[in-house]
Amino acid sequence: MASFLQIRCPWMEIAHRLPDLIETHQLRSHVDKMPLLSTQHLQGDRELQLAHLALSFVTMGYVWQEGEKGTVKVLPRNLAIPFAEISRTLGLPPILVHMDFVLVNWKKKDHNGPLEIENLDPVICLPGGESLRGFILVTFLVEKAAAPGIKAIAQAVNGMRQNDGKILEEALQEISSALKDMMAALKTMHDYVDPEIFYRVIRIFLSGWQDNPALSGGLIYEGVWEEPRAYSGGSAAQSTTLHAFDELLGIRHSRECTAFLHRMRDYMPPHHQAFIKEIQASPLLRCYVLASGKKELQSGYNRCVAALSDLRTCHIAIVTKYITMAAIHARAKPSNATPRMSPPSFLEKRGTGGSEVLSFLKSIRDTTREAMLDF
C-alpha cells in the first residue's frame, strides 16, 4: 500500500520545490492555496518524521521568503494545524530542529553504496545550492562519526557498575577515537560550504522567532493558538551527542551556558532526552576515575576531555570563518542582490539558536578544558 506522503501530497510537492519557489517569491502563494490535510493517515515514526521534516522546511521558507524585512506574523492554518499536530505526536516543537535538518534529512544515491558524502543527498533543501547540501551532509557525517562513541557511553557505564576497569578503559578509548573522527568530519566543512553563501543565503532559514527583533513577539500559529509562540531556530546545540559526552565526562559549564544548553534539550526527540537523563542517573565517571587511582583510566579520561576540547576549538574556527569573518566581508562588500539575499542584521553575532555564538562556544570550550585531571 502506498504511503500517504507518496500520494501526490501537497506538503511533499511544495517541499521538494522549495529553493525554486523561494527564489521566485512564489512559496507563500503556493502554501496559501494548499488544502488543510488531516494527519490521521500518517503511520509510524518514519512517516511522522518525514512529515515534520517537510513541514518544518516549508515553514522556514514561508517565514523567511522575503528576508528579515519581509517576515510574516501568521503561519496559515493549512500549514500550522498539521505541523502542530505532528509536532505534538513526536514530542517536538513546531519549528525546524536539528533532527529535521540533519538526522533524518539524508538519502543514499546508490542504496548499496557507502555512507559517504559523494553517495548522499538531502531529502529536502532550502536555497543555498551545493553549499546547503554540503552543510547538511557534513553535519550528518559528524553525527555518524559520533555513533561508536555514543555506543561506548553505555559500555563505560557498565564498566563502572561492574567495577571492571578493562571495560571502562576500552570504552574511553572508543569515545576519544569517536571525538577525533567527529573533528575530522567537521573540518571537511571547508571543502563543501562557501562562507558567503552560508552567511548571506542559508543562515536566515535556520533562524527562529524567540528573542528575534525581526519577529518580535513570536509567530501566530493560526487555528492552533490565539497568542504568538516563540521558538529558537535550528542549532548544533540541539544535537544530543555533545550533551551526552558532557554528561558522561562530568563537564560543568557556566550557569548561563548550562541554561541555554538545557533549553536546547527541549528541541530534541523525547528518546534522546531520556538517554541524556539515563547518563545523568549513572555513576559519576570523573569521580570514579579519580577514586580508582589507576593511571590508565585517568589518562583515558583526559584523552576524552582533550578530544572534546579540540572538537570545540575546531567548531570555534568554523564559526569564526563562516559567521564572524563572513559578517566583516559582508559589511565591506555589500551585496547587489535582492533584500532576501542580504545577510540578516540580527544574526551578525548571534547563533540561529539565539546564543551569543562566539562567547558561548569559547566558554564551553574553556570549561571543558578545566575538567582535565591532575595526577
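Residues numbered from 1 in each chain as written. Predicted model: local features only at pLDDT ≥ 70, side-chain atom pairs only at ≥ 80, totals over all residues. Heavy atoms only, no water.

Broken down by element type, the protein carries 16 helices and four strands. Expected size for 375 residues packed as a compact globule is a radius of gyration near 21 Å; at 21 Å, the protein falls within 12% of this value. Each of the three principal axes of the protein carries a C-alpha extent, and together these read 65 × 55 × 45 Å. Relative to its full complement of 375 residues, the protein shows a buried share of 54%. Across the protein, the fraction of contacts at a sequence separation of at least 24, relative to all contacts at a separation of at least 6, is 78%. Counting every atom, the protein has about 16,900 Å² of accessible surface; 52% of that belongs to carbon and sulfur. Once the 41 positive and 40 negative side-chain charges of the protein are each reduced to a mean point, those two points are 3 Å apart. (Helix = DSSP H or I, 4+ residues; strand = E, 2+ residues; numbered from the N terminus. Rg over C-alpha atoms; globule rule 2.2 N^0.38 Å. Buried < 20%, exposed > 50% of the residue type's maximum accessible area, 1.4 Å probe, protein only. Contact = heavy atoms within 4.5 Å. Areas by Shrake-Rupley, 256 points an atom, 1.4 Å probe, with all protein chains shown as cover. Lys, Arg positive; Asp, Glu negative; His and termini not counted. Charge placed at Lys NZ, Arg CZ, Asp CG, Glu CD.)

Two elements in contact, helix H15 (residues 295–332) and helix H16 (residues 357–369), have axes whose closest approach is 9 Å; the angle formed by their N-to-C orientations is 165 degrees. In terms of orientation, H15 lies roughly antiparallel with respect to H16. Judged by the sense of rotation from one axis to the other, the crossing of H15 with H16 is left-handed. Counted together, Val305, Leu308, Ser309, Arg312, Thr313, His315, Ile316, Val319, Thr320 and Thr324 of H15 and Val357, Leu358, Leu361, Lys362, Ile364, Arg365, Thr368 and Arg369 of H16 form the full contact between these two elements. Split into classes, the residues belonging to the contact of H15 with H16 amount to eight nonpolar, six polar and four charged. (Axes fitted to C-alpha atoms, helices over the stretch in contact; angles between N-to-C directions. Parallel < 35°, antiparallel > 145°, perpendicular 65-115°, else oblique. Left-handed = near helix turned anticlockwise from the far one by under 90°. Nonpolar A, V, L, I, M, F, W, Y, C, P; charged D, E, K, R; others polar.)

Attention now moves to the packing of aromatic side chains. This structure, assessed with the given rule, holds eight aromatic pairs. Ring geometry for Phe198 versus Tyr322: centroids 5.9 Å apart, planes at 90 degrees, classification edge-to-face. With Phe198 in helix H10 (residues 195–202) and Tyr322 in helix H15, this residue pair connects regions lying 124 residues apart in the sequence. Exposure remark for Phe198: the relative accessible area of 7% places this residue in the buried category. For Tyr322, a relative accessible area of 3% corresponds to the buried category. Aromatic ring contacts, followed pair by pair, group Phe57, Phe101, Phe135, Phe198 and Tyr322 into a single cluster. (Phe/Tyr/Trp six-rings, centres within 6.5 Å; stacked < 30°, edge-to-face > 60°.)

Further remarks concern the pattern of salt bridges. For the coordinates displayed, the defined rule picks out six salt bridges. Here Asp121 and Arg133 are joined by a salt bridge, their closest N and O atoms 2.8 Å apart. One end of the pair, Asp121, is in strand E3 (residues 120–121); the other, Arg133, is in helix H7 (residues 129–161), and 12 residues separate them in sequence. Residue Arg133 is classed as buried on the basis of its relative accessible area of 12%. When the shortest N-O distance is used, the salt bridge between Asp246 and Arg312 registers 2.9 Å. Separated by 66 residues along the polypeptide, Asp246 in helix H11 (residues 240–249) and Arg312 in helix H15 bring together distant segments of the chain. Using a relative accessible area of 6% as the deciding quantity, one classes Asp246 as buried. Overlapping salt bridges bring together Asp121, Glu130 and Arg133 as one network. (Salt bridge = Lys/Arg side-chain N within 4 Å of Asp/Glu carboxyl O.)

Let's shift gears to helix H13 (residues 270–280). Considered for burial, the residues of H13 that qualify are His272, Ile276 and Ile279. Within H13, the buried residues cover an arc of 55 degrees as seen down the axis, which keeps them to one side. With respect to the buried face of H13, the exposed residues turned more than 90 degrees away are His271, Lys277 and Glu278. Residues of H13 that are buried sit in contact with helix H6 (98–103), H7 and H11. (Arc of directions from axis to C-beta.)

In this section: helix H4 (residues 44–64). For H4, which comprises 21 residues, the first-to-last C-alpha distance of 30 Å matches the rise-based estimate of 30 Å (1.5 Å per residue) to within 8%. Burial within H4 is extensive, with 16 of its 21 residues counted as buried. (Expected span 1.5 Å × (residues − 1).)

Looking now at unusual backbone geometry. For His25, which is not glycine, the phi torsion reads 60 degrees and is therefore positive. If you trace the backbone, His25 turns up in the loop between helix H2 (18–23) and helix H3 (27–32). With relative accessibility at 37%, the residue His25 sits in the partly exposed group. In the Ramachandran plot, Asn163 falls in the positive-phi region, its phi being about 55 degrees despite a non-glycine side chain. Mapping Asn163 onto the fold places it in the loop between H7 and helix H8 (165–187). Taking the relative accessible area as the measure of exposure, Asn163 reaches 58% and is therefore exposed.

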